[in-house]
Amino acid sequence: METVEMNSVSLKRPHSEDDVANADEIKRQKILEKSKTGNDSGQSIETVTEPPEDMKNEIIPNEESEEQEEEELEDSDEDGDPESFADMMKHGLTESDVGITKFVSSHKGFSGILKERYSDFVVHEIGKDGRVSHLDDFSVPVDDEDPSEETFTVLSDEDKQRLEELQLFKNKETSVAIEVIEDTKEKRTVIHQAVKSLFPGLETKTEDRDGKKYIIAYHAAGKKALAKVRTATDPRKHSWPKSRGSYCHFVLYKENKDTMDAINVLSKFLRVKPNIFSYMGTKDKRAITVQEIAVLRITAQRLAHLNKCLMNFKLGNFSYKNHPLKLGELQGNHFTVVLRNITGTDDQIEQAMHSLREIGFINYYGMQRFGTTAVPTYQIGRAILQNNWNEVMDLILKPRPGAEKGYLVKCREEWAKTKDPAAALKKLPVKRCVEGQLLRGLLKYGMKNIISAFGIIPRNNRLMYIHSYQSYVWNNMVSKRIEEYGLRAVPGDLILKGATAVHIEEGDVDNYTIHDVVMPLPGFDVIYPKHKIGEAYKEMLIADNLDINNMRHKIRDYSLSGAYRKIIIRPQNVSWEVVAYDDPKIPLFTTDLDKLEGKPLPVLPTDGKFRALKMEFSLPPSTYATMAIREVLKMDTSIKNQTQLNTTWLR
């Protein structure tokens, strides 16, 4: 097997200059319309990116979001520079900047459009038992303890608003009175059930006032009771049947939303904290994804009711179990991907897909691991490991060229001019971004205590930076390893025996293939290859003013233990077909939701204007589907390269 150097191949068919100008104008109009309406319809300018599976397990953006106001601000940017997105992204990273330079296959690359529509990228989670998650059942398990359907409609919107304010102690009222218009015992019972099930922490009683019946809602034991309920350690024990599992498991089907955004929306509608939800992995935003979620002591009936009022989500396949879900407890994900307007010949496509199935692809960390702006996340991670906190602060807050929100540009300019955290913070309408959190920290702890100020940023977000640096080193070292020794196991390589890494000895080399070889992410608890690449690790870290033999940090959180990662991944369950089509807007396969709603398969012409490659494959956790697709197309997956090759398109 031979390796080939990477050459840039356009991901998308060429546009004329007029087309690009028109697309930019349409984009600006879209942004202006969106900022006026605050409506997120899913119509947006998108470049070809796939959020990483593994990094998302580490980053939990906006865990307790300040919700719509900030979402709308982040989606609209009236203050943005009018230059084109392609111009702004010229300052971004390319694959070679982060060590992604090699291919394993020898076929000639060809072009195609990835994620022209988010529905061209479908992800189904694979559970630890090997079962692929599908949404195929909307039915609700019913028992005698469930409230009637009327529970969800008996309260008026005004009643719900007053009850929510009471539940959250948002006003000085100690109770809320709801008049019973049709006074029957059955009607009163339904109102009692509605208040208690929809607003955990509230109790109810019936009172006569001036000859009328009222249901009085109140806090049974003040704020402590509410706090107990809202932290979800044991919400309303007395109201949950003992025979029923404490966790309702369900399949979440979502379109164009990432997992944490979806959970924030669900928790908002259910009036609970996001931390009562659990899941095995986070999924892409710009995709259709299907995964299992578990929630503590929320009935399937309440969850199913959300199907009537939520856009871009569907919930189904409900069951009750006695355990939550845990991050990482999955076998991987199954991908269905459509690459539109492909230019490859049938022979090229066959060669590419056979190579993907038989050899695989280099298990690089994808571009999303390193950020999209002119300041890569790995540079901040390196400064943290160097204990250079002024550099950390400067890299996060200094002005930077390229694509950014207008308010961030103004914030950075103010910081560069004044070095005043309060003044810079005033330029930020969105305070939950990393820049806003660091400025708040500097305001609280002062400029001489940057470590504590940086500590205000959520832990997972802080660790993202050093993990990005590890990934940067790993990518570069794997490219060097393949350049030096090709696609065969050699003495001095590392393989895993159980969880322990051992070196391949000269006499055992024929017992292993490239698919057995692992490479370390740098840390204090790993060993390195016993050939030239082991020395290359040391040299790279020395150049970055780091000691490979001392990866412990004086702040424990930033001490790197290291890990091992296979250098070649061979996807499972690989299949493909080439289909013809005329209309770029029609779907080229049916989703779970299409099947549930009885939508027929799309009728495709046998001799259409365009050709698409529909491919399916399964990958283990922490691997990047974009790196598999890169191997097929022989393309640079960076936003910078794609936009400079006219690869921005309007969804």
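In this text the structure is predicted, and so the values were computed from the model without any measurement.

### Quick notes on the overall build of the protein chain
Move 1: Per the secondary structure count, the protein chain includes 21 helices and 22 strands.
Move 2: Taking all 651 residues of the protein chain together, the buried fraction comes to 55%.
Move 3: Of the contacts formed within the protein chain by residues at least 6 apart in sequence, a portion of 79% connects residues at least 24 apart.
Move 4: Surface summary for the protein chain: the accessible area is close to 29300 Å², and the carbon and sulfur share equals 47%.

### Section: helix H11 (residues 377-385)
Move 1: The buried count for H11 comes to eight of nine residues, which makes it a mostly enclosed element.
Move 2: Those residues of H11 not exposed but buried are Thr377, Tyr378, Ile380, Gly381, Arg382, Ala383, Ile384 and Leu385.
Move 3: Packing partners of the buried residues in H11 comprise helix H12 (389-397), helix H16 (450-454) and helix H17 (459-485).
Move 4: Asn387 lies just past H11 and shows a positive phi near 65°.

### Topic: the side chain of His334
Move 1: Relative to the helices and strands, His334 resides in strand S13 (residues 330-340).
Move 2: His334 sits in the buried class, given a relative accessible area of 13%.
Move 3: Within the structure, His334 has its side chain in polar contact with the side chain of Ser618 (distance 2.7 Å).
Move 4: Apart from residues lying up to four places away in sequence, His334 is in contact with Val122, Val123, His124, Ile126, Asn573, Glu616, Phe617 and Ser618.

### Observations concerning the packing of aromatic side chains
Move 1: Following the criterion strictly, the structure yields 14 aromatic pairs and no others.
Move 2: Look at Phe370 and Tyr378: their rings are 6.4 Å apart centre to centre, the planes differ by 80°, and that puts the pair in the edge-to-face class. Grouping residues by exposure puts Phe370 and Tyr378 together as buried.
Move 3: Here the aromatic rings of Phe454 and Tyr465 are separated by 6.3 Å at their centres, their planes lie at 40°, and the arrangement is tilted. Pair noted here: Phe454 is in helix H16 and Tyr465 is in helix H17, with a separation of 11 residues, a long-range link. As far as burial versus exposure is concerned, Phe454 and Tyr465 are alike and both buried.
Move 4: Ring pairs connect the aromatic residues Phe370, Tyr378, Tyr469 and Tyr472, which therefore count as one cluster.
Move 5: The ring of Phe524 has Arg552 lying over it, and the distance from NZ or CZ to the ring centre is 3.7 Å.

### Considering the sheet that holds strand S6 (residues 175-179)
Move 1: Taking strand neighbours across the sheet as the criterion, the three strands line up as S6-S8-S7 in an open arrangement whose pairing is antiparallel. Either end of the sheet is taken by a strand with one partner, and the two such strands are S6 and strand S7 (202-209). If you compare each strand with its neighbour and ignore which way they point, the axes differ by 25° on average.
Move 2: One ladder, built from eight bridges, connects S7 with strand S8 (residues 212-219); its direction is antiparallel. If you follow Thr206 over to S8, its bridge partner there is Ile215.
Move 3: Helix H5 (residues 157-167) rests against S6, S7 and S8 of the sheet, and its axis sits at about 160° to S6.
Move 4: This element, helix H6 (residues 185-198), spans S6, S7 and S8 of the sheet and lies at about 145° to S7.

### Quick look at the sheet that holds strand S15 (residues 494-497)
Move 1: Reading across the sheet, the four strands line up as S16-S15-S17-S18 and stay open at both edges, with antiparallel pairing between neighbours. One side of each edge strand has no neighbouring strand; the edge strands of this open sheet are strand S16 (500-503) and strand S18 (563-566). With strand direction ignored, the average angle separating the axes of adjacent strands in the sheet is 55°.
Move 2: As judged from the two bridges shared by S15 and strand S17 (residues 517-521), these two strands associate in the antiparallel manner. Its bridge partner being in S17, Ile495 is matched across the sheet by Val517.
Move 3: Sitting on the sheet, H17 is in contact with S17 and S18, with an inclination near 145° to S17.

### What to know about the packing of H12 against helix H15 (residues 434-445)
Move 1: Across the interface, H12 lies against H15 with an axial gap of 10 Å and an inter-helix angle of 135°. Compared by their axis directions, H12 and H15 come out oblique. As for how H12 packs across H15, the hand of that crossing is left-handed. Residue-level contacts link Met393, Ile396 and Leu397 of H12 to Val434, Glu435, Leu438, Leu439 and Leu442 of H15.
Move 2: Its residues assigned to classes, the contact of H12 with H15 comprises seven nonpolar, no polar and one charged.

### Quick word on the pattern of salt bridges
Move 1: Tallied over the entire structure, the rule returns 25 salt bridges.
Move 2: With its nearest N and O atoms 3.9 Å apart, the salt bridge here joins Glu414 to Lys417. Of the two residues, Glu414 and Lys417 both sit in helix H13 (residues 406-418), three residues apart, roughly one turn of that helix.
Move 3: Judged by relative accessible area, Glu414 falls into the buried class, the value being 12%.
Move 4: A salt bridge links Lys599 to Asp594; the shortest N-O distance between them is 3.8 Å.

The rules behind these values
- Residues numbered from 1 in each chain as written.
- Predicted model: local features only at pLDDT ≥ 70, side-chain atom pairs only at ≥ 80, totals over all residues.
- Heavy atoms only, no water.
- Helix = DSSP H or I, 4+ residues; strand = E, 2+ residues; numbered from the N terminus.
- Buried < 20%, exposed > 50% of the residue type's maximum accessible area, 1.4 Å probe, protein only.
- Contact = heavy atoms within 4.5 Å.
- Areas by Shrake-Rupley, 256 points an atom, 1.4 Å probe, with all protein chains shown as cover.
- Polar contact = N/O pair within 3.5 Å; in protein donor to acceptor, adjacent residues only side chain to side chain.
- Phe/Tyr/Trp six-rings, centres within 6.5 Å; stacked < 30°, edge-to-face > 60°.
- Lys NZ or Arg CZ within 6 Å of the ring centre and 35° of its normal.
- Pairing = 2+ DSSP bridges.
- Axes fitted to C-alpha atoms, helices over the stretch in contact; angles between N-to-C directions.
- Parallel < 35°, antiparallel > 145°, perpendicular 65-115°, else oblique.
- Left-handed = near helix turned anticlockwise from the far one by under 90°.
- Nonpolar A, V, L, I, M, F, W, Y, C, P; charged D, E, K, R; others polar.
- Salt bridge = Lys/Arg side-chain N within 4 Å of Asp/Glu carboxyl O.

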